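What the coordinates show
Residues per chain are reported as follows:
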Amino acid sequence: MYFITSNEGKFREVKELAANYDIEVEWLKMEYIEPQGSSLEEIAKLSAEMLTEKVDGGFVIEDSGLFVEALKGFPGPYSSYVFKTIGNEGILKLMKGVENRKAYFEAVVAYFDGKDVHVFTGTVSGEIAREMRGEGGFGYDPIFLYNGRTFAEMDTEEKNRVSHRRRAFEKFFMWLKEKD
Ligand code: IMP
């Protein structure tokens, strides 16, 4: 199955996850313009519908974001832009002196089976760290604390046991298996 993303970190995680279900995922490395939307679900759905015009046959995409409670859900659907602009340092600055560190990641998988788009979501709750920690992962991983360690302090296998991406893809893969 084709997984469309320009993000190698995502592809690495999904390839490992899919292997547990004997599903082979091929990387279709492609940048596409994400439509604006107020939820990840809406964005993932619209992106998939747009891509049906450009890609032959079925494919899967995934849209994710970080939602910080004290920032009223920011950066949420704007996570990609915010990461490219103010990055982890910017989030830490916004969170300076803030006691409520609660945050969650959400991932939305959109699968086009050649006819319809199907959507699956997953979340993981954690906290925003007080400083960046760890060398692994990608994106906001160095500032996302789960059980006392950041995602960047875990290897792919460990992160994959609990991540938002794991939870969304697990739902998708189980659905696929049941359908066969
Ligand atoms: P998008 O889904 O590619 O639009 O990603 C949104 C933003 O969230 C990007 O800046 C990613 O780096 C970041 N992001 C997505 N998933 C993760 C994750 O598992 N860990 C850390 N950052 C992530």
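Look up a bit, the structure's there.
My aim in this report is to walk through the structure given alongside it, one point at a time. (Residues numbered from 1 in each chain as written. Predicted model: local features only at pLDDT ≥ 70, side-chain atom pairs only at ≥ 80, totals over all residues. Heavy atoms only, no water.)

**Observations concerning the pattern of salt bridges**
Note the following rule: Salt-bridge detection follows one rule: a side-chain nitrogen of Lys or Arg within 4 Å of a carboxyl oxygen of Asp or Glu. Numbered from the N terminus, helices here are DSSP runs of H or I no shorter than four residues, and strands are runs of E no shorter than two. Here the term buried applies to any residue with accessible area under 20% of the maximum for its type, exposed to any over 50%, and partly exposed to those in between, with areas from a 1.4 Å probe on protein chains only.
One pass over the structure, following the stated rule, counts twelve salt bridges. Taking the shortest distance from any N to any O, the salt bridge between E13 and R165 comes out at 2.7 Å. Of this pair, E13 sits in helix 1 (residues 8-19) while R165 sits in helix 6 (residues 164-179), placing them 152 residues apart in sequence. We note that E13, like R165, is buried. Note that E153 and R133 form a salt bridge whose closest N and O atoms lie 3.2 Å from each other. In this pair, E153 is assigned in the loop between strand 7 (149-150) and helix 5 (156-162) and R133 in the loop between strand 5 (117-128) and strand 6 (144-146), connecting sequence segments 20 residues apart. One salt-bridge network, in which partners are shared between bridges, spans K10, E13, E62, D141, K159 and R165.

**Considerations on the pairing of strand 5**
As a reminder, the rule being used: Should DSSP find at least two bridges between two strands, the strands are taken to pair.
Bridge count between strand 4 (residues 102-112) and strand 5: eleven bridges; the pairing is antiparallel. Residue pairing in the sheet places A110 in a bridge with V119 of strand 5.

**Some details on the site of the ligand**
Note the threshold: The rule for a residue being near a molecule or strand is that one of its heavy atoms must lie within 4 Å of it. Within 3.5 Å is the distance limit for a polar contact, defined as a pair of N or O atoms, with the added protein rule that one can donate a hydrogen and the other accept it, and that residues adjacent in sequence qualify only through two side-chain atoms. Note on areas: these come from Shrake-Rupley sampling with a 1.4 Å probe, and a residue is covered only by the protein chains present in the view.
Inspection of the region around the ligand gives 15 residues, with K10, S64, D141, K159 and R165 positioned closest. For the ligand, an oxygen atom lies 3.2 Å from a polar atom in the side chain of E34. Measuring from a nitrogen atom of the ligand, one finds a side-chain N or O atom of D141 at 2.6 Å. Relative to its unbound accessible area of 480 Å², the ligand is 92% covered by the protein chains. Secondary structure elements with two or more residues in the shell around the ligand: strand 3 (59-68), helix 3 (79-85) and helix 6. Element by element, the count of residues in the shell around the ligand is highest for helix 3, at three residues.

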